[in-house]
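Okay, here's what each chain looks like letter by letter:
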Amino acid sequence: MTTRNFLFLLGSSRTGGNTETLARLAAEQLPAGTEQRWLDLRELPLPDFEDRRHADGHYTPTGNAATLLEATLAATDVVIASPLYWYAVSTSTKRYLDHWSGWLEAPDVDFKQRMAGKTLWGVTALADTEPEVADPLAGTLRNSARYLGMRWGGVLLGNGTRPGDVLTDTGAAARAKVFFS
Ligand SMILES: Cc1cc2nc3c(=O)[nH]c(=O)nc-3n(C[C@H](O)[C@H](O)[C@H](O)COP(=O)(O)O)c2cc1C
């Protein structure tokens with residue numbers, strides 16, 4: 001049996017926020033032996049993405065981009081833990097996804113082939129009590145997974161405004177317990 005490696009990418013603009021709390025609740029239920037790596041996108045800032053697909057086409061990831069690429073490729077399961085910002089993913093999360101377009105073009109990376117078969121998951125906290133408002137975020141992740149031939153694990157939603165609020169969302173806590181099963 002292959003060991004699963006979960007990469008949690010934290011996309012909030014603050015520490016200890018609801019999204020991370022919810023992701024950690026879900027991660028507590030992962031089977032023993034499952035590897036977990038947690039990376040905070042604020043600690044690995046990426047430059048604005050430059051689209052060079054139709055220029056010289058050459059893009060070699062360096063620095064934080066290389067770190068994130070290596071972590072992404074090493075994972076069997078990529079968990080995007082982004083708060084809902086203006087009904088979408090946060091800026092740091094979006095920038096990470098934009099860099100996928102560069103990695104698709106990077107020589108000798110085979111990004112698309114190596115992403116295929118991994119599972120993409122989403123975890124998000126939102127202030128709104130209507131879960132449908134997170135549909136754009138869920139659609140971004142679901143369609144991105146499909147584009148790369150990844151399995152789509154779904155999105156775990158939790159309600160909260162101030163850090164810690166999500167712990168009072170009993171529905172979210174219950175969903176977190178079975179999210180990765
Ligand atoms: C820039 C910004 C945009 C936001 N946009 C939305 C939104 O569109 N819908 C919503 O329900 N909550 C929105 N919120 C509230 C956050 O989703 C909520 O506070 C959430 O708990 C933040 O997650 P965090 O604690 O993990 O940082 C926004 C907050 C910020 C700072």
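Bear in mind that the values here come from a model prediction, so they are computed numbers and not experimental data. (Residues numbered from 1 in each chain as written. Predicted model: local features only at pLDDT ≥ 70, side-chain atom pairs only at ≥ 80, totals over all residues. Heavy atoms only, no water.)

Enquirer: It is not clear to me how the overall build of the protein chain should be interpreted in this structure. Could you clarify?
Expert: Counting secondary structure elements, the protein chain contains six helices and five strands. For 181 residues, the compact-globule estimate of 2.2 N^0.38 gives 16 Å, and the C-alpha radius of gyration of the protein chain, at 16 Å, lies within 12% of that figure. Seen through its C-alpha atoms, the protein chain measures out along the principal axes to roughly 50 × 40 × 25 Å. Looking at the protein chain residue by residue over its 181 residues, the buried ones come to 45%. Counting only contacts in the protein chain whose residues sit at least 6 apart along the sequence, the fraction spanning at least 24 positions is 80%. Just so you have it, the protein chain exposes about 9,400 Å², and 51% of that area is on carbon and sulfur atoms. The average position of the 18 basic charges and that of the 21 acidic charges among the side chains of the protein chain differ by 3 Å. (Helix = DSSP H or I, 4+ residues; strand = E, 2+ residues; numbered from the N terminus. Rg over C-alpha atoms; globule rule 2.2 N^0.38 Å. Buried < 20%, exposed > 50% of the residue type's maximum accessible area, 1.4 Å probe, protein only. Contact = heavy atoms within 4.5 Å. Areas by Shrake-Rupley, 256 points an atom, 1.4 Å probe, with all protein chains shown as cover. Lys, Arg positive; Asp, Glu negative; His and termini not counted. Charge placed at Lys NZ, Arg CZ, Asp CG, Glu CD.)

Enquirer: What is the right way to look at the pairing of strand β4 (residues 119-126) in this model?
Expert: Two faces make up the sheet, and in a regular strand the side chains alternate between them. Burial within β4 is extensive, with eight of its eight residues counted as buried. Side chains Thr119, Trp121, Val123 and Ala125 of β4 all project onto a buried face; the interleaved residues Leu120, Gly122, Thr124 and Leu126 project onto the opposite face, where all are buried too. Relative to β4, strand β3 (residues 77-81) runs parallel, the two sharing five bridges. Counted as the bridge partner of Ala81 is Val123 from β4. In the classification by handedness, the crossover that spans β4, the intervening helix α5 (residues 135-147) and the parallel strand β5 (residues 151-159) is right-handed. (Pairing = 2+ DSSP bridges. Right-handed = clockwise from strand over helix to strand, strands pointing away.)

Enquirer: Is there a simple way to explain the sheet that holds β3 in this structure?
Expert: One key point about sheets: their strands pair by backbone hydrogen bonds, in either a parallel or an antiparallel sense. The strand order across the open sheet formed by five strands is β2-β1-β3-β4-β5, and the pairing between neighbours is parallel. Looking at which strands have only one partner, the edges of the open sheet turn out to be β2 (35-40) and β5. Within the sheet, the average angular offset between the axes of one strand and its neighbour, ignoring direction, is 15°. Where strand β1 (residues 5-10) lies against β2, six bridges are found, and the strand directions are parallel. Its bridge partner lying in β2, Leu7 is registered against Arg37. Helix α1 (residues 18-27) rests against β1, β2, β3, β4 and β5 of the sheet, and its axis sits at about 135° to β4. (Axes fitted to C-alpha atoms, helices over the stretch in contact; angles between N-to-C directions.)

Enquirer: How do you make sense of the site of the ligand when you look at a structure like this?
Expert: Around the ligand sit 16 residues, and of these Ser12, Arg14, Asn18, Thr19 and Gly160 come closest. Arg14 places a polar side-chain atom, nitrogen or oxygen, 2.8 Å from an oxygen atom of the ligand. The separation between an oxygen atom of the ligand and a polar main-chain atom of Tyr87 is 2.9 Å. Contact with the protein chains hides 78% of the accessible area of the ligand, taken as 630 Å² for the molecule alone. Elements supplying a minimum of two residues to the shell around the ligand: α1 and β4. Looking at the shell around the ligand, its residues break down into eight nonpolar, six polar and two charged. (Near = heavy atom within 4 Å. Polar contact = N/O pair within 3.5 Å; in protein donor to acceptor, adjacent residues only side chain to side chain. Nonpolar A, V, L, I, M, F, W, Y, C, P; charged D, E, K, R; others polar.)

Enquirer: When you look at the confidence of the model for the protein chain in this model, what are you seeing that I'm missing?
Expert: As a note on interpretation, predicted positions should not be read in detail where pLDDT is low. In the predicted model, the protein chain carries a mean pLDDT of 96, and the fraction of residues at 70 or more is 98%. Of all helices and strands in the protein chain, the one with the weakest mean pLDDT is helix α3 (residues 91-105) (97), whereas β3 scores best (99). (pLDDT = per-residue confidence, 0-100.)

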